[in-house]
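# Descriptive analysis of the structure
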Protein chains: 2
Amino acid sequence: MSLKHILLGLLRQPASGYDLKREFDTSLAHFWAAELSQIYPALKQLEAEGLIAGKEAAPSLGPARVIYKRTAKGSAALADWLAQGPKRGAQRHTDLAQTFFLDALNADEAARFVEAMLAARREDLHVLQKIAAAWKRAAGAAFPDALPDDEFYPYLTLEAGLAVAAARVAWCERALHRIRKRRNDTG
Amino acid sequence: MSLKHILLGLLRQPASGYDLKREFDTSLAHFWAAELSQIYPALKQLEAEGLIAGKEAAPSLGPARVIYKRTAKGSAALADWLAQGPKRGAQRHTDLAQTFFLDALNADEAARFVEAMLAARREDLHVLQKIAAAWKRAAGAAFPDALPDDEFYPYLTLEAGLAVAAARVAWCERALHRIRKRRNDTG
DNA sequence: ACATGCATGTAAAATGTTACATGATTTC
DNA sequence: GAAATCATGTAACATTTTACATGCATGT
């Protein structure tokens, strides 16, 4: 199960389930999503397997938190996962599935659909660009090559997200041109 | 549920569950995957909802087949889905999740991981390029603009797959250069 | 007082994967 | 005769999503 391996990876630094959810939403959103209701049971399972250890943090103020951290056994399990080589993840692009059947709509409706898709993909790209810009500002001159390993590799994945998002925007634009040209040619 | 909508879309042409599985593997693989064990129950559900109708095909030779076709009510449900605008599909890129944690390996192992990822992404791209080339050969001069709607839109999704696959290959190459440069710079 | 954010969880439903079971036909 | 492909399904398991439940703290 990949989710458990990802949690294992993130728990290099001690963190609560809630902290981890925030990481998913901010740093991992471009390749993985997870809900709190999925994270909490997964953490319990990892603890039962001895791969992470949890400690109740005394709440001087605010609600109680359980802080987890990876064990030595957990680090070994993580290295094992990586040593297996790159795994393929299932991709389900609902918007492309819809595009596949756009002949069920008329030309105007189809064009509007692709316009909406373009707007959504531009928004995706914009979000990632803002994150990348903030990262760049925070780092020094030899960016990203001078980053320490534990920031360099996460940054690489952001670049992957950026590259894919840009490709999808460009594709939407081309598709829209084609659809408009069709509409003019036939109508 | 998107799978049911996709089946609904594909059942413009009469087809059996087995036929549909073949379509997933050949024409939809770049954005959606489905197993037979998922397709058969989904077809039964769609039939129970009156969106498709099945007919037992008399098997003169070979095993019995159930041929389904979309009903008028089914076509309305499909149009409805498309009219809701583009839906976002959950993306789970296991290989990027692994890349995120590559600092857990040493520089050589990390480089080998990315090399393997590059090879896998090149293979993805190659598969799609072969499909696109075959499509191009089969069609005439004004390709793809002269295609009928029910082939034009599926072709657009293939182009999306191609664009994303090419972007991921290029990203892997850049990442690999960076990792090798790092290895030389630091030791 | 009320909304928002922090914090942890359970329960139920939906969705997806893997393994199993069956049997005919076609190709080597 | 064996293996691959056609064809349909069930069962068990794993995973993910959505809804619900609880309670503290902070800002308006």
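One can find the structure itself at the top, above this paragraph.
To start, this report covers the structure provided alongside it. (Residues numbered from 1 in each chain as written. Chains lettered and ligands numbered in written order. Predicted model: local features only at pLDDT ≥ 70, side-chain atom pairs only at ≥ 80, totals over all residues. Heavy atoms only, no water.)

Quick look at the protein's contact with DNA strand D now. Residues in contact with DNA strand D amount to 20 residues; listed here are only the nearest, A:Met1, A:Ser37, A:Gln38, B:Tyr40 and B:Val66. Considering the 4 Å shell around the protein, atoms of DNA strand D inside it are sugar or phosphate in 68% of instances. The set of elements that each furnish at least two residues to the surface near DNA strand D consists of α3 (36–48) of chain A together with α2 (17–28), α3 (36–48) and β2 (65–70) of chain B. In terms of residues, the surface near DNA strand D owes the most to one element, α3(B), which gives four residues. (Near = heavy atom within 4 Å. Helix = DSSP H or I, 4+ residues; strand = E, 2+ residues; numbered from the N terminus.)

Our focus in this paragraph is the protein's contact with DNA strand C. Lining the immediate environment of DNA strand C, one finds 20 residues, of which A:Tyr18, A:Tyr40, A:Val66, B:Ser37 and B:Gln38 sit closest. Each atom of DNA strand C within 4 Å of the protein belongs either to a base or to sugar and phosphate, the latter forming 67%. A distance of 2.8 Å is found between a phosphate oxygen of DNA strand C and a side-chain nitrogen or oxygen belonging to A:Tyr40. A:Lys44 places a polar side-chain atom, nitrogen or oxygen, 3.4 Å from a phosphate oxygen of DNA strand C. (Polar contact = N/O pair within 3.5 Å; in protein donor to acceptor, adjacent residues only side chain to side chain.)

Taking 1.5 Å per residue as the helical rise, helix α4 (residues 72–83) of chain B with its twelve residues ought to reach 16 Å, and the 17 Å between its terminal C-alpha atoms agrees with that figure. Here α4(B) has its buried residues at B:Gly74, B:Leu78, B:Trp81 and B:Leu82. Across the axial projection of α4(B), the buried residues extend over an arc of 95 degrees, all falling on one side. Facing away from the buried side of α4(B) by more than 90 degrees, the exposed set consists of B:Ala72, B:Lys73 and B:Ala83. In the core, the buried residues of α4(B) are packed alongside α5 (94–100) and α6 (107–138) of chain A together with α1 (2–10) and β2 of chain B. Following α4(B) by one or two positions, B:Gly85 adopts a phi angle in the positive range, close to 85 degrees. (Expected span 1.5 Å × (residues − 1). Buried < 20%, exposed > 50% of the residue type's maximum accessible area, 1.4 Å probe, protein only. Arc of directions from axis to C-beta. Contact = heavy atoms within 4.5 Å.)

Quick look at the relation of the copies chain A and chain B now. Turning chain A through 180 degrees and shifting it by 0.0 Å along the axis lays it on chain B, with an RMSD of 0.1 Å. Here the two chains are linked by the operation of a two-fold rotation axis. A shared binding surface is used by both copies, with 100% of the interface residues of chain A retained as interface residues in chain B. (Least-squares fit on C-alpha atoms with pLDDT ≥ 70 in both.)

Our next topic: the interface of chain A and chain B. On the side of chain B, 67 residues touch chain A, which itself brings 67 residues to the contact. Roughly 6,600 Å² of surface becomes buried between chain A and chain B when both sides are summed, with 64% attributable to carbon and sulfur atoms. When residues of chain A are sorted by the area they lose upon contact with chain B, A:Phe100, A:Phe101 and A:Arg182 head the list and together hold 12% of the total. Here chain A is connected to chain B by twelve salt bridges. (Buried area = accessible area lost by both parts, 1.4 Å probe. Salt bridge = Lys/Arg side-chain N within 4 Å of Asp/Glu carboxyl O.)

The biggest cluster of nonpolar side chains holds 112 residues, and the ones touching the most others in it are A:Phe24 and B:Phe24. Ignoring sequence-local partners within four residues, the contact set of B:Phe24 consists of B:Leu3, B:Ile6, B:Leu7, B:Leu10, B:Ala29, B:Trp32, B:Ala33, B:Ala34 and B:Ile39. (Core = buried A, V, L, I, M, F, W, Y, C linked by side-chain atoms within 4.5 Å.)

With that out of the way, let us pick up helix α2 (residues 17–28) of chain A. Of the residues making up α2(A), those classed as buried are A:Gly17, A:Asp19, A:Leu20, A:Lys21, A:Phe24 and A:Leu28. The inward-facing, buried residues of α2(A) contact α1 (2–10), α3 and β2 (65–70) of chain A together with α5 (94–100) of chain B.

Turning our attention to the pattern of salt bridges. Counting across every chain of the model gives 34 salt bridges over all chains. Across the pair A:Arg180 and A:Glu115 runs a salt bridge, and its minimum N-O distance is 2.9 Å. Here the residue A:Arg180 occupies a position in helix α7 (residues 149–186), and A:Glu115 occupies one in helix α6, the gap between them amounting to 65 residues. Residue A:Arg182 pairs with B:Asp149 through a salt bridge whose shortest N-O separation is 2.8 Å. Of this pair, A:Arg182 sits in helix α7 while B:Asp149 is found in helix α7 (residues 149–186), placing the two residues in two different chains. On the basis of relative accessibility, which here comes to 33%, the residue B:Asp149 falls in the partly exposed class. Through salt bridges with shared partners, one network takes in A:Arg88, B:Asp95, B:Arg121, B:Asp124 and B:Arg168.

In this section: the packing of α2(B) against α3(B). Angle between the axes and distance between the axes are the two parameters that describe a pair of packed helices. Residue and element names in this part refer to chain B. Running from N to C, α2 and α3 point in directions that differ by 130 degrees, and their axes come no closer than 10 Å. Comparing their axes, α3 and α2 come out oblique. Taken as a pair, α2 and α3 cross one another with a handedness that is right-handed. Contacts between α2 and α3 involve Gly17, Tyr18, Leu20, Lys21 and Phe24 from the first element and Leu36, Ile39, Tyr40 and Leu43 from the second. (Axes fitted to C-alpha atoms, helices over the stretch in contact; angles between N-to-C directions. Parallel < 35°, antiparallel > 145°, perpendicular 65-115°, else oblique. Left-handed = near helix turned anticlockwise from the far one by under 90°.)

Another point: the packing of aromatic side chains. All told, the structure shown has ten aromatic pairs over all chains when counted by the stated rule. Where A:Phe100 meets B:Phe31, the ring centres are 5.8 Å apart and the plane angle is 55 degrees; that geometry is what we call tilted. On the criterion of chain membership, the pair formed by A:Phe100 in helix α5 and B:Phe31 in the loop between α2 and α3 is interchain, its members lying in two chains. Judged by its relative accessible area of 6%, A:Phe100 is buried. Aromatic side chains B:Phe100 and B:Phe101 sit 5.1 Å apart centroid to centroid with 70 degrees between the ring planes, which places their arrangement in the edge-to-face category. Of the two residues, B:Phe100 and B:Phe101, both sit in the buried class. One aromatic cluster is present, built from ring pairs that chain together A:Phe31, B:Phe100 and B:Phe101. Taking the ring centre of B:Trp32 as reference, the NZ or CZ of A:Arg92 above it sits at 5.4 Å. A cation sits over an aromatic face here: A:Arg182 above B:Phe152, 3.9 Å from the ring centre. (Phe/Tyr/Trp six-rings, centres within 6.5 Å; stacked < 30°, edge-to-face > 60°. Lys NZ or Arg CZ within 6 Å of the ring centre and 35° of its normal.)

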